[in-house]
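Below are the chains, spelled out letter by letter.
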Amino acid sequence: MSSHRQDAVRRIAAPDIAARKGGVPIVCLTAYTAPMAEILDEHCDLLLVGDSVGMVVHGLPNTVGVTLEMMILHGQAVMRTARRAMVVVDMPFGSYEGAPETAYENAARVMKETGAQAVKVESGPTVVATIEYLVKRGIPVMGHVGLRPQAVLVDGGFKAKGKAGEERARILEEAKATAAAGAFAVVVEGVAEGLAREITEAISVPTIGIGASAGCDGQILVTDDMLGLFDWTPKFVRRYGDLRAEIGKAVGGYAEDVRARRFPGPAEIYFAKAG
Ligand code: KIV
């Protein structure tokens with residue numbers, strides 16, 4: 001059986017997201033695993049299998065080391081349980097920045113092997129032509145401007161962008177070019193609030209903000225950040241939970257019970273049948 005069986009529930013697709021421009025804000029979160037996707041699905045319009053998986057799940061220092069195989073594996077896991085939300089898979093560093101033909105082969109592989117509805121690329125100046133190439137060949141693409149995590153090595157760190165001058169103008173132009181190339185939505189990450197608003201007004205497809213502005217057409221956060229799984233999060237994250245403390249409490253309780261031989265108890269063990 002295919003790992004991406006579709007069932008009776010109609011899944012949200014790229015045109016549905018595109019049509020939400022200026023409407024009720026689009027709710028997006030990252031998802032990397034089947035159980036988490038199952039929980040998030042009913043609350044979210046779009047689940048992003050972000051290449052942040054490299055840092056969040058695999059402990060990498062940045063997203064540069066993430067491979068196509070990792071993205072496909074996590075994309076498949078999410079597609080097994082997400083039923084309603086649109087699923088978008090990030091194209092990892094090195095899989096799309098070269099020739100558009102190579103980007104197409106890699107993106108088509110992601111689409112076929114995961115069953116996801118779209119891919120996301122970080123839209124640096126050289127990538128715009130590739131977005132057009134992919135969209136014309138049937139692959140819905142989400143863009144990503146502003147702070148581009150895959151550019152962390154040339155940028156010298158994760159720094160907010162577009163606070164002034166030339167950089168501000170360049171990001172605005174990149175967003176416009178990304179939309180003009182056919183992207184159905186554009187993630188706007190880590191930019192000055194006014195710039196995020198200006199981009200949102202300037203382009204005809206939805207902007208999805210992260211560290212950007214409440215004026216964007218939707219919002220996304222890294223799920224593990226907003227659940228409070230880490231002891232540090234960037235300024236733009238609001239913690240809606242404290243899973244780190246919850247997990248510590250639960251695991252501490254388990255450890256105490258094991259050491260005191262309170263676990264397993266009678267209800268948690270098997271007994272031979274009488275007679
Ligand atoms: O990889 C990711 O999780 C992302 C979002 C934070 C937008 O690109």
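Conventions used here
Residues numbered from 1 in each chain as written. Predicted model: local features only at pLDDT ≥ 70, side-chain atom pairs only at ≥ 80, totals over all residues. Heavy atoms only, no water. Helix = DSSP H or I, 4+ residues; strand = E, 2+ residues; numbered from the N terminus. Rg over C-alpha atoms; globule rule 2.2 N^0.38 Å. Contact = heavy atoms within 4.5 Å. Areas by Shrake-Rupley, 256 points an atom, 1.4 Å probe, with all protein chains shown as cover. Salt bridge = Lys/Arg side-chain N within 4 Å of Asp/Glu carboxyl O. Buried < 20%, exposed > 50% of the residue type's maximum accessible area, 1.4 Å probe, protein only. Pairing = 2+ DSSP bridges. 1 Å grid on protein atoms, 1.4 Å probe; cavity = no way out; pocket = protein on both sides within 12 Å on 5 of 7 lines; lining within 4 Å. Points joined across faces, edges and corners; volume = space filled by probe spheres on them. Right-handed = clockwise from strand over helix to strand, strands pointing away. Near = heavy atom within 4 Å. Polar contact = N/O pair within 3.5 Å; in protein donor to acceptor, adjacent residues only side chain to side chain. Nonpolar A, V, L, I, M, F, W, Y, C, P; charged D, E, K, R; others polar.

Colleague: Can you help me understand the overall build of the protein in this one?
Modeller: From N to C terminus, the protein includes 11 helices and eight strands. Against the compact-globule benchmark of 19 Å for 275 residues, the protein has a radius of gyration of 21 Å, which places it among compact chains. Along the three orthogonal principal directions, the C-alpha set of the protein runs to about 80 × 40 × 35 Å. Sequence-distant contacts in the protein: of pairs separated by 6 or more residues, those separated by 24 or more amount to 60%. When the accessible surface of the protein is split by element, carbon and sulfur atoms take 58% of a total near 13,700 Å².

Colleague: What should I look at first to understand the pattern of salt bridges in this one?
Modeller: A side chain of one charge can pair with a side chain of the opposite charge if their charged atoms are brought near each other. Using the criterion set out here, one finds 17 salt bridges in the structure. A salt bridge links Arg 109 to Glu 69, with the shortest nitrogen-to-oxygen separation between them at 3.1 Å. With Arg 109 in helix H5 (residues 100-114) and Glu 69 in helix H4 (residues 68-81), this residue pair connects regions lying 40 residues apart in the sequence. Here Asp 90 makes a salt bridge to Lys 120, at a shortest N to O gap of 2.8 Å. Placement of the pair is Asp 90 in strand S3 (residues 86-90) and Lys 120 in strand S4 (residues 118-120), with a sequence separation of 30 residues. The same class applies to Asp 90 as to Lys 120, namely buried. Among the ionic contacts, a cluster of salt bridges with common partners joins Asp 155, Lys 161, Glu 167, Arg 170 and Glu 174.

Colleague: Looking at this structure, I do not really get the pairing of strand S1 (residues 26-30). What am I missing?
Modeller: Working note: regular strand, side chains alternate between the two faces of the sheet. Extensive coverage of S1 is indicated by the burial of four of its five residues. Here four bridges tie S1 to strand S8 (residues 218-221), and the two strands are oriented parallel to one another. Among the inter-strand pairings, Val 27 is bridged to a residue of S8, identified as Gln 219. Bridge analysis of S1 against strand S2 (residues 46-49) gives three bridges, and the strand direction is parallel. Residue Thr 30 lies in a different strand from S2, and its bridge partner there is Leu 48.

Colleague: What am I meant to see in the layout of surface pockets here?
Modeller: Rolling a probe over the atoms, with the probe sized like a water molecule, indicates the empty space that remains. What the second largest pocket holds in volume is close to 300 Å³. Along the wall of the second largest pocket there are 18 residues; nearest its centre are Glu 122, Arg 148, Gln 150, Ala 151 and Val 154. Mapped onto the lining of the second largest pocket, the elements with two or more residues apiece are helix H7 (152-155) and helix H8 (165-180).

Colleague: I tried to follow the pairing of S2 on my own but got confused; where do I start?
Modeller: Burial along S2 is two-sided: Leu 46 and Leu 48 and Leu 47 and Val 49, pointing in opposite directions, are all buried. With helix H2 (residues 34-41) bridging S1 and its parallel neighbour S2, the resulting β-α-β unit is right-handed.

Colleague: How do you make sense of the site of the ligand when you look at a structure like this?
Modeller: Taken together, Thr 30, Leu 48, Gly 50, Asp 51, Ser 52, Asp 90, Lys 120, His 144, Val 187, Ile 210 and Val 222 form the complete shell of residues around the ligand. Note that an oxygen atom of the ligand is positioned 2.5 Å from one of the side-chain N or O atoms of Ser 52. Contact between the ligand and Asp 90: an oxygen atom at 3.1 Å from a side-chain N or O atom of the residue. Coverage of the ligand by the protein chains reaches 96% of its 260 Å² of free accessible surface. Looking at side-chain class alone, the shell around the ligand contains four nonpolar, four polar and three charged residues.

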